[in-house]
Structure formats: structure tokens, C-alpha cells
Amino acid sequence: MRCSIPVKNRRRVLCVFPHYTPSFGTFNHAYRLMKGVRAFMPPQGLLLIAAYMPEGWPVRFIDENIRKATAAEFEWADVILVSGMHVQGQQIHDIAERAHAAGKVVMLGGPSASASPEMYPDIDYLHIGEMGDATDELIVCLDESVARPPAQIRFETKERLPLQDFPIPAYDLIPLKNYLMLTLQFSSGCPYLCEFCDIPNLYGRQPRFKTAAQITAELDAMRQQKGHPPVVYFVDDNFVGNRKAAKDMLPHLVAWQKQHGYPMSFACEATLNIAKQQETLELMRESSFLGIFVGIETPEADALKAMRKSQNVAVPMMESIKTLNDYGLEVTSGIILGLDTDSDDTEARLKDFIEISHIPMLTINLLQALPKTPLWDRLKVAGRLSDDPTLESNVCFLRPYDDVVSMWRRCIAYANDPERLFQRFHHQVESTYVNRMITPARGKLTWANLSSALVLAFRVMLHIGILSDYRKPFWRAARHALRRGQIDAVLGMGFIAHHLIQFTREALRGEQNASYYSTKLRTAEPAHTRELATTLRKSA
């Protein structure tokens, strides 16, 4: 559905999504290996707002991860709509400055504005909270005038629009072929109260969800664009936040896949206790779910309890990971260093976990305190929040800052050493990939998919198999997969490993931040990181 508020005027709306700072999880180094890929995932939230605009309002959409909005596009618009996360704060201010220079009014919504409106005194209209009555009030205001107000005006959602009433995001406004993967939202909210997470405060503890018909309709809308990527990521905060809802939806997803010849593969984010829900896991396997991001955070049980994440120890951790692998799900693990419970043994325990779990991709970040989290509140009372822009985190660690950052460097160097990384992929061939359901080929047999696969194969062979200094461990893992007919696995491990290795080398040179949420401005290469970077580069 669109906004049902009657409007009198015609407003031209320009949606601008800010550029992301590169991180372990954005795969920016993999883009050059793929045909036409220039960004990670479509911005689901802003696309939703774009689709909700009144029928008669022309809407254009620019994702600055693909290209910057031009002066002509700002000139065309009557109003500029922006959304983003804290890590995009600097880019949000930049968009507002350019819009104001063009004499345009700016509205900002999304998680950063909702959690920390005080960060954006330069924005004309702030939309705080999810889509709902505040969205309608904003549209009424813009219908009346698109002149910049003399002072900032805030609209705060009190009554949220039910997810069942959400429109299909405006996928038609963006070039889906330029993204690594597509996005789809089934639910919102999470019942857990992990200390460092802002989801319960922003979106609630009682998960809300869309209907199965909405999910399949969105998939149909994506497929209308030629050349779209064949992978869809469920951006839910916790895919099984409502276990029954997820289990009830999945048979419809299976039916859709069978009807269309399995044109898509899926991935999602969930808590580790999903390993206890074997009926759901079997349905996910039948739906062609191939990957799952799990916030494992730390292998230390006491630390998990301290951060209120005891759901990760509901089943023995290694047993849970093996269960997920048994259903063909390759695990990606989030890891946090800099916790109050870190000790002299933390580094060794994490390295042991990397070896025993055989998880190929680990996004290892330093702890960052986000507003509207119990962690933020606790550290604020203790006087342990820092706004020093030269530091990698806004947390005053209990252990010496330099020791924590050095441990992070050693851990990412260890995890993404090419020999170790490809050995873990080697293990996945037997432990995970062979457990995936063999799906019909007809759904993916399109010229666009074949063309993209050929380009990826050529570039992986060239840049990794021939030109890289880690070609030997790559070929050992690749031969192991090829002997089992797993061509997709060879290409997947190639572009994932390439990104992890390259990003790690940049991080060790001081060119990348130690946390996805860090806003530290990068400086010249620190001398003490050169030795680690050289070691990683020569390890193959």
C-alpha cells in the first residue's frame, strides 16, 4: 500500500542513501571479480519509504554506494529523503550539506536518527521510529510546503504501520544487477536483550512479521529485473525471533522455489539456538538457504552470560555449528574483542575456536557502544564512554587500549592467513557443501546468470588462481571441491577469501577501522603494523 493521506500538491522526491565505510562484511574487494557489481545490498528501509510516497509524487533513488547524486538531481528534487546508520553519519551530513547548497529541504530517518537525533542538528526534518503515523505527518507537512523550516522539526512514530501493510520496496527504482545480493525483510524485532544490541529498543522485543504472500510477491518483484543477483539475504534482526512464524512461512517459500525452478538461494541472520529447531532447519534446507550469520561474539561462556547472550550456550557451541553445517548452512560468525571479561587467555581461546569450528568467515570487531543499548547506559554511568576520534572504539576498555587493538590485529591476521583460511574452506567441502539439496538447474539457467558466472570464473582464476600470492592454498582447496563437482563452492571461496585477505592487509596497515561501527578517521600506516602485514602477505 501507499500513503492514504490525500495530497494537494505534486512533490518531486529524491531518495539518497549514503555510502558505507568498507568493513569485513561488505565484501568491497570482491566487487571487481564480478560482472557489474558495485555495492553490497539494496537499502531496504529507504526503498520502503520510497514505495510509500503518495501516488502522484515522482520519486528517484540514488544509492551513493553505486554513484554520487549529481547537482542536476538535487536541482530536480523538491525534497531530499535520507536514511542511514551511525557509521554513515559523516556521509549523511555531506548529503545534507549538498542538498542545502542547492536550496533543498532534507528529511532524515532510519536507525541512526531514531537512536541519536542529537547527532543531526543540521537536518530540517527528523523522522524518529519506524514507518507509521509520523510518516503520514511528514507527508502532510511536505505537501503544505517544501521550504526549509526556520528550526528543526521532529516527527516521532507512536503508531507503527503493521508489517502486513508494508508496500513492496521500490526495487524498480534501483539497478539490482549492480548489487552483490538482494535483501528481503520478513520480520522486525528480537526477543533477546543482548547488552550491546540496540534492536529491542528500536524495533521492540515482540517480533512482527509479514505474510508469506508478501514475501513471495517481493521475490516476484525482484525477478522482474533482468540480471538481478540470484542470492537474497533476509535482513531480519533474528530470522527465528518468532519461531512459529518462521516455520509457518518456510513451506510457502519452498513451494515458490519449486514453482519457479529454484531461481534464488537465501541467507539470513539468527541466534545460535536455531540449532535446536531441526524442523525449521530442514525447511530452510529445502528452501535453498545456504548461509547463516550468527553473532557468536565469543567462545567464552562466562563472557556470553555477562553480555546477556546465554542463548548461545543453550546447546554446546561446537555441536550447534556442526548441526547447522549438517543442514548445508555455512556459518559466518560475528566476534567481539574488548569485552570487560577479556583476559590473558582470550586471544588463545579465540584462535582455538577458529581452528576447531572451521568457520571460514569471521567478522572480528572491537566492542563499540551504541546509543539505546544497556551497554551504553552502563558505560555512561561508569564514565567509560569516549568521543576521541583518534581511537578505534568509543569504549574505555578495562585492559590497556593498545593491548586490545594489538590483540585484534593479531587475531585478524591469524584468522585470515591464506593457508588457514583456505584450509577452513577445504573442510567446508565435506562438512557443509555436500549436505545441500541439489536443486533443479532450470530456475538459474538464464543468460544473465551464465554471463555473470563466466565473468566470475575468469576473474577468480586470473586474480586469485594466477596473480595472487595465495594461489597455492587456493588451488589446494579448489581441487578438493572440483573433485566433488562443487564448482559454485570454488567461485564462492575465491571471492570471499580474496576480500577477507585484502581487507585484513589494509587493516593491518592502518587503512581500515577495527569495528564496523567505528568512525575513526584513518591516518598514515603505523610502523608497528607493517611487520604483521608483511607476515600475512608472505604466508602463502
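Residues numbered from 1 in each chain as written. Predicted model: local features only at pLDDT ≥ 70, side-chain atom pairs only at ≥ 80, totals over all residues. Heavy atoms only, no water.

Now for the overall build of the chain. Within the chain, the secondary structure is distributed over 19 helices and 14 strands. Its C-alpha atoms give the chain a radius of gyration of 23 Å, within 12% of the compact-globule value 24 Å for 540 residues. Considered along the principal axes of its C-alpha atoms, the chain spans approximately 65 × 60 × 45 Å. Out of the 540 residues belonging to the chain, those deemed buried represent 58%. Of the contacts made within the chain by residues no fewer than 6 positions apart, 79% connect residues no fewer than 24 positions apart. Accessible surface computed for the chain: about 22,200 Å², of which carbon and sulfur atoms make up 54%. (Helix = DSSP H or I, 4+ residues; strand = E, 2+ residues; numbered from the N terminus. Rg over C-alpha atoms; globule rule 2.2 N^0.38 Å. Buried < 20%, exposed > 50% of the residue type's maximum accessible area, 1.4 Å probe, protein only. Contact = heavy atoms within 4.5 Å. Areas by Shrake-Rupley, 256 points an atom, 1.4 Å probe, with all protein chains shown as cover.)

Attention now goes to the nonpolar core. Phe234, Phe239 and Phe289 are the most contacted members of the largest nonpolar core, which has 144 residues in total. Setting aside residues up to four positions removed in sequence, Phe239 forms contacts with Phe186, Phe234, Ala246, Met249, Leu250, Cys268, Glu269, Ala270, Met284 and Phe289. The next biggest cluster of nonpolar side chains, apart from the first, holds 20 residues, and it includes Leu14, Val16, Ala96 and Tyr120. (Core = buried A, V, L, I, M, F, W, Y, C linked by side-chain atoms within 4.5 Å.)

Where helix α11 (residues 317-326) contacts helix α12 (residues 346-357), the two axes come as close as 11 Å, and the packing angle between them is 35°. For the pair α11 and α12, the crossing hand works out as right-handed. Where α11 approaches α12, its residues Met317, Met318 and Ile321 are matched on the opposing element by Phe353, Ile356 and Ser357. The class makeup of the residues in the contact of α11 with α12 is 5 nonpolar, 1 polar and no charged. (Axes fitted to C-alpha atoms, helices over the stretch in contact; angles between N-to-C directions. Left-handed = near helix turned anticlockwise from the far one by under 90°. Nonpolar A, V, L, I, M, F, W, Y, C, P; charged D, E, K, R; others polar.)

What follows deals with the side chain of His498. Relative to the helices and strands, His498 is located in helix α18 (residues 487-508). Exposure remark for His498: the relative accessible area of 5% places this residue in the buried category. Beyond its immediate sequence surroundings of up to four residues, His498 is in contact with His29, Leu33, Ile464 and Tyr470.

Strand order in the open sheet formed by 6 strands is β7-β10-β11-β12-β13-β14, with parallel pairing between adjacent strands. The sheet is open, and its two edges are formed by β7 (182-184) and β14 (361-366), each paired on a single side. Averaged over all pairs of adjacent strands, the angle between strand axes in this sheet comes to 20°, irrespective of strand direction. Of the strands in this sheet, β7, β10 (231-234) and β11 (265-269) touch helix α7 (residues 212-223), which is tilted by about 160° from β7. (Pairing = 2+ DSSP bridges.)

This brings us to the sheet that holds strand β4 (residues 105-109). The strand order β2-β1-β3-β4-β5-β6 describes an open sheet built from 6 strands, whose pairing is parallel. Looking at the sheet topology across the chains shown, the edges are occupied by β2 (59-63) and β6 (153-156). Strand-to-strand twist of the sheet, defined as the mean angle between neighbouring strand axes without regard to direction, takes the value 20°. Sheet analysis places strand β3 (residues 79-83) next to β4, joined by 5 bridges and oriented parallel. When the bridges of β4 are listed, Val82 appears paired with Leu108.

The next subject is the packing of aromatic side chains. Per the counting criterion, the structure on display carries 16 aromatic pairs. For the cation-ring pair, Arg60 lies above Trp76, with the distance from its terminal atom to the ring centre recorded as 4.0 Å. (Phe/Tyr/Trp six-rings, centres within 6.5 Å; stacked < 30°, edge-to-face > 60°. Lys NZ or Arg CZ within 6 Å of the ring centre and 35° of its normal.)

This next bit is on unusual backbone geometry. A negative phi angle is the norm for most residues apart from glycine, just as the trans form is the norm for most peptide bonds. Non-glycine residue Phe27 carries a positive phi angle of around 60°. Locating Phe27 in the fold gives a position in the loop between β1 (13-17) and α1 (44-52). We classify Phe27 as buried; its relative accessible area is 9%. Unlike most non-glycine residues, Arg308 shows phi in positive territory, near 65°. By the element assignment, Arg308 lies in the loop between α10 (301-306) and α11.

Turning our attention to the packing of helix α14 (residues 401-415) against α18. At a closest axis distance of 10 Å, the pairing of α14 and α18 adopts a crossing angle of 155°. By the angle between their axes, α14 is roughly antiparallel relative to α18. Remark: the crossing between α14 and α18 carries left-handed chirality. Along its contact with α14, which presents Trp408, Arg409, Ile412 and Ala413, the element α18 presents Thr504, Ala507 and Leu508. (Parallel < 35°, antiparallel > 145°, perpendicular 65-115°, else oblique.)

Moving on, we come to helix α16 (residues 447-463). The terminal C-alpha atoms of α16, which comprises 17 residues, lie 24 Å apart, in line with the 24 Å expected from a rise of 1.5 Å per residue. Where α16 is buried, its residues touch α17 (471-482) and α18. (Expected span 1.5 Å × (residues − 1).)

To continue, consider the environment of Val404. Of note, Val404 is situated in helix α14. Judged by its relative accessible area of 2%, Val404 is buried. When the C-alpha positions of Val404 and Gly227 are compared, they lie 44 Å apart, and in sequence the two are 177 residues distant. Not counting chain neighbours up to four residues away, the residues in contact with Val404 comprise Gly338, Leu366, Phe397 and Arg399.

This part covers the side chain of Ser333. Tracing the backbone shows Ser333 in strand β13 (residues 330-337). Contacts of Ser333, omitting those with residues within four sequence positions, involve Phe293, Val294, Ile296, Phe353, Ile359, Met361, Leu362 and Thr363.

Time to look at the pairing of β1. Among the 5 residues that make up β1, 5 are buried, leaving the element largely enclosed by the rest of the structure. Burial of β1 is two-sided: the residues Val13, Cys15 and Phe17 facing one way and the residues Leu14 and Val16 facing the other way are all buried. As paired elements, β1 and β2 share 5 bridges and run parallel to each other. Looking at the pairing, Leu14 lines up with Arg60 of β2. Taken together, β1, α1 and β2 form a β-α-β motif whose crossover is right-handed. Relative to β3, β1 runs parallel, the two sharing 4 bridges. Opposite Leu14, over in β3, you have Ile80 as the bridge partner. (Right-handed = clockwise from strand over helix to strand, strands pointing away.)

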